[in-house]
Structure formats: structure tokens, C-alpha cells
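Spelled out, the chains give:
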Amino acid sequence: MAKQRDKRERDEFCDGVIEGMPLFAKELIAGGVAGGFAKSAVAPLERIKILFQTRQAEYRSLGLIGSFIKIAKTEGTLGFFRGNGASVARIVPYAALHYMAYEEYRRWIIHGIPGVGKGPILDLIAGSFAGGTAVLFTYPLDLVRTKLAYQVVGSKKLNVQGLVTGEQVYKGIKDCFSKTYKEAGIKGLYRGVAPSLYGIFPYAGLKFYFYEKMKSHVPKERKNDIPIKLACGSVAGLLGQTFTYPLDVVRRQMQVQRLSASNSHEMKGTVDTLVMIVRTYGWKQLFSGLSLNYLKVVPSVAIGFTVYDLMKAYLRVPSRDDAVVEGVTSSRNSQPSTLHS
């Protein structure tokens, strides 16, 4: 009896906390959990994708399986997760801001533009601005994640083997932040942010557009089915990434250029970097690692959208239409009653 009473009290406490949380906080938590879960699930593929993009001479010839074997032999299992700490540290606030900002922008647009439709075009616009907002707040963590993932070491003791002459080895997230800031200041922490913004605006917008567009064709009684959500998220990530992948390659090259001795000149910006890649490696380099990225994006986006929707249901976030009504009538202390579908 005592255990049942304690459990009931805990449940009541949790219910009270959830009911008392503001809407934006629930969306932040749902987005952060979804982002961290999805990113960790595909961390090994993310590491190899970055190596394909930035160390093409060493890894592209090995292929996917060969790269897995090489990392396993030289760095062990933990090698597949090198840079993942910085990646998760970035993706949790990034995803939290991204999803929450998307919901907020969506509500602001509906409130501010009378007569605006609530179809996929609205999701395209809201998603685009949300992506840009999230990138600006979290980009330095993405830079650090890339630099750490770019490093290739020969043992767990971090003895350097096979690195180009002059390459700097970072000991961890804090060390990478510190050295990057000392070398180039705030500007150094935002190196490559321009192609990130160019890429995230269409990618984030298209991702939300395709996801909501596909869900709009799903029968109402099936919209909460997890396999349906996974399928919609997979296609949304696949299509969104295809259109914007070259900018991702440019961004990675700009982020690691100071680590590579093969760069004989300073790359001034996005266009210069793009031209250098095409002239040096050919236009196909702009799509280097794309097939691998498909393997990563499909489960990542699918898991992200699905976990986000499930977390919103757990946190009792109202459906988007009800949330809009709640935003308008909050002064009357109205209570949401419909779970997100």
C-alpha cells in the first residue's frame, strides 16, 4: 500500500509539473530529447561522412565498409563516436530551439497575417526561419564537433599517426574552443556559418514542408501510428538533404581548412571555397558522402520527428491548431484539451 501511495504521489507531482509548464518550455524539452536521441543513433555514420568530406584522399577510396574497418583498427569502438560529445552538446540546444522556434514562428505568422493558410507553405516558411535562428545560436558547437571528428589518431593515447604536417590535435571540447578562440576570436568560432545559413534555410524549411505535406495525405485514424511518422520523416529528410548537400560540403571544408596542410592559400569565403573544391577535386566532390548521408539522414530525421511528436503527446502539448487558439486566449486562462496529432 505504501509503495502504491508513493507511486500515486509521484505521478500526481509529475502531472502537476507538466500541467504547470508553459507551452514553449514543453516544446523546448520535446525538441531537445528528439534531437539528442536521433543524433546519437547515427553518430558512427556522421563520423565517416565528415571524413569522406574532408579527408577524401584517405577515406573515399576505402569506401564505407573499409572506413569502418580502418577506424575500428586504429581508434577502437570509441573512434566511431569521436566528436559525438560536442555533437550532442550542440544538437540538444539546436533541436530544442529549432522545433520551438518553428512552432513560435508558425503561430506568429498565423496571428500576424490575417487569412494566411495553414498548409505546408506555412511550414516551409516557419521551418526556414527556425533553422536559421537555431544555427546562429549553436554554430560554435558545430564547428568544434567537426574539428574533433576531423582528427584521426592512431591509438587511445592520442599518439598522432598519419596526420598531415602541422595539424593540431585537440584534447577535447573545451580545448578546441579555447584554441580556436585564441587563434581567431569570435570570427573563428563562426567560420563557415555563411554556407550553414544558406543551406539551413532551404533544408529546414523543406524538411518541415515535406513532413507536414505527407502527413496531410495520411488518414486521420493513422496519423499517430509510429511507422507512418517514421515513413513521413524519412522521405522528408531524404528530399530536403538532396537539394542542399553541396553547401554542407562547403561548410565542412571551411571549418577544417586551418587544420589541413594541403591548403596553400586562405579560403576567403563561401564562393571561393566552392570554386576551390570544384577546381581541385571536381564537381563530384560537392556530393562526396551523399549516399552515406542518405543512410544517416533517413533514420535521423525519421527518429527526430517521431520522438518529437511522442514527447509532445507525453508532455500534453496541444495540437497546433489548439495551440494557436491557446495563444490567443491565454489571457482567459484557457486549458488545452487535444493532444498533438
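The protein chain is annotated in an unreviewed UniProt entry as Mitochondrial carrier protein CoAc2 of Datura stramonium. Quoted verbatim from the Sequence similarities (unreviewed entry) field of the UniProt record, the comment on the protein chain reads "Belongs to the mitochondrial carrier (TC 2.A.29) family." Taken directly from UniProt, the Subcellular location (unreviewed entry) text for the protein chain runs: "Mitochondrion inner membrane".

Participant: Just checking my understanding: could you explain the overall build of the protein chain for this structure?
Facilitator: The helix and strand tally for the protein chain stands at 13 helices and zero strands. If you list the helices and strands of the protein chain from N to C, you get α-α-α-α-α-α-α-α-α-α-α-α-α. Buried residues in the protein chain amount to 50% of all 341 residues. Taking the contacts inside the protein chain whose residues are at least 6 apart along the sequence as the reference set, 76% of them involve residues at least 24 apart. As displayed, the protein chain offers around 16,600 Å² of accessible surface, 63% of which is attributable to carbon and sulfur atoms.

Participant: Before we go on, may I ask you to explain helix α8 (residues 173-189) in this structure?
Facilitator: Residue pairs spaced three or four apart in an α-helix point in one direction, given the helix's 3.6 residues per turn. The end-to-end C-alpha distance of α8, which contains 17 residues, comes to just 13 Å, noticeably less than the 24 Å that a straight helix rising 1.5 Å per residue would cover. Along α8, the helix axis deviates most sharply at E183, where the bend reaches about 100 degrees. Buried within α8 we find D175, C176, T180, G185, G188 and L189. If you follow the buried residues of α8, they end up packed against α7 (120-150).

Participant: What am I meant to see in the nonpolar core here?
Facilitator: In a soluble, globular protein the nonpolar side chains are often hidden away together inside. Of all hydrophobic cores here, the largest spans 42 residues; its most connected members are Y94, Y99, V135, I200, F305 and L315. Of all the elements in the fold, those that place two or more residues in this core are α2 (23-41), α6 (84-112), α7, α9 (193-216), α10 (226-256) and α12 (290-314). Examining the composition of this core, we find that nine residues originate from one element, α9, more than from any other. Here L315 is in contact with I18, K26, I29 and A30, once residues within four sequence places are set aside.

Participant: How should I be thinking about the packing of aromatic side chains in this particular structure?
Facilitator: Each pair of aromatic rings is reported with the distance of its centres and the angle of its planes. The tally for this structure, following the rule as stated, stands at 13 aromatic pairs. Centroid distance Y105 to F129: 6.1 Å. Interplanar angle 55 degrees. Geometry classified as tilted. With Y105 in helix α6 and F129 in helix α7, the pair connects residues that are 24 residues apart, well separated along the chain. Here the aromatic residues Y99, Y102, F208, Y211, F305 and Y308 are joined through ring pairs into a cluster of three or more.

Participant: When you look at the environment of L64 in this model, what are you seeing that I'm missing?
Facilitator: Examined against the element boundaries, L64 turns out to sit in helix α5 (residues 63-75). Residues L64 and I48 lie 16 residues apart in sequence; the distance between their C-alpha atoms is 7.7 Å. Apart from residues no more than four positions distant in its own chain, L64 is found in contact with L45, I48, F52, L292 and L295.

Participant: I'm lost on the packing of helix α3 (residues 43-54) against α5 in this one. Help?
Facilitator: For the pair α3 and α5, the least separation of the axes is 11 Å and the interaxial angle reads 105 degrees. In terms of orientation, α3 and α5 fall into the roughly perpendicular class. Of the residues in α5, those in contact with P44, L45, R47, I48, L51 and F52 of α3 are G63, L64, S67, F68, I71 and E75. Residue composition of the contact of α3 with α5, grouped by class: eight nonpolar, two polar and two charged.

Participant: Help me understand the side chain of D123 in this model?
Facilitator: Relative to the helices and strands, D123 is located in helix α7. One polar contact links D123 to R106, side chain to side chain, over a distance of 3.2 Å. The residues touching D123, leaving out its near neighbours within four places in the chain, are Y102, R106, G205, F208, Y209 and E212.

Rules and cut-offs
Residues numbered from 1 in each chain as written. Predicted model: local features only at pLDDT ≥ 70, side-chain atom pairs only at ≥ 80, totals over all residues. Heavy atoms only, no water. UniProt positions renumbered as here; feature names shortened; annotations may be inferred. Helix = DSSP H or I, 4+ residues; strand = E, 2+ residues; numbered from the N terminus. Buried < 20%, exposed > 50% of the residue type's maximum accessible area, 1.4 Å probe, protein only. Contact = heavy atoms within 4.5 Å. Areas by Shrake-Rupley, 256 points an atom, 1.4 Å probe, with all protein chains shown as cover. Expected span 1.5 Å × (residues − 1). Bend = angle between axes of the 7 residues up to and from the residue. Core = buried A, V, L, I, M, F, W, Y, C linked by side-chain atoms within 4.5 Å. Phe/Tyr/Trp six-rings, centres within 6.5 Å; stacked < 30°, edge-to-face > 60°. Axes fitted to C-alpha atoms, helices over the stretch in contact; angles between N-to-C directions. Parallel < 35°, antiparallel > 145°, perpendicular 65-115°, else oblique. Nonpolar A, V, L, I, M, F, W, Y, C, P; charged D, E, K, R; others polar. Polar contact = N/O pair within 3.5 Å; in protein donor to acceptor, adjacent residues only side chain to side chain.

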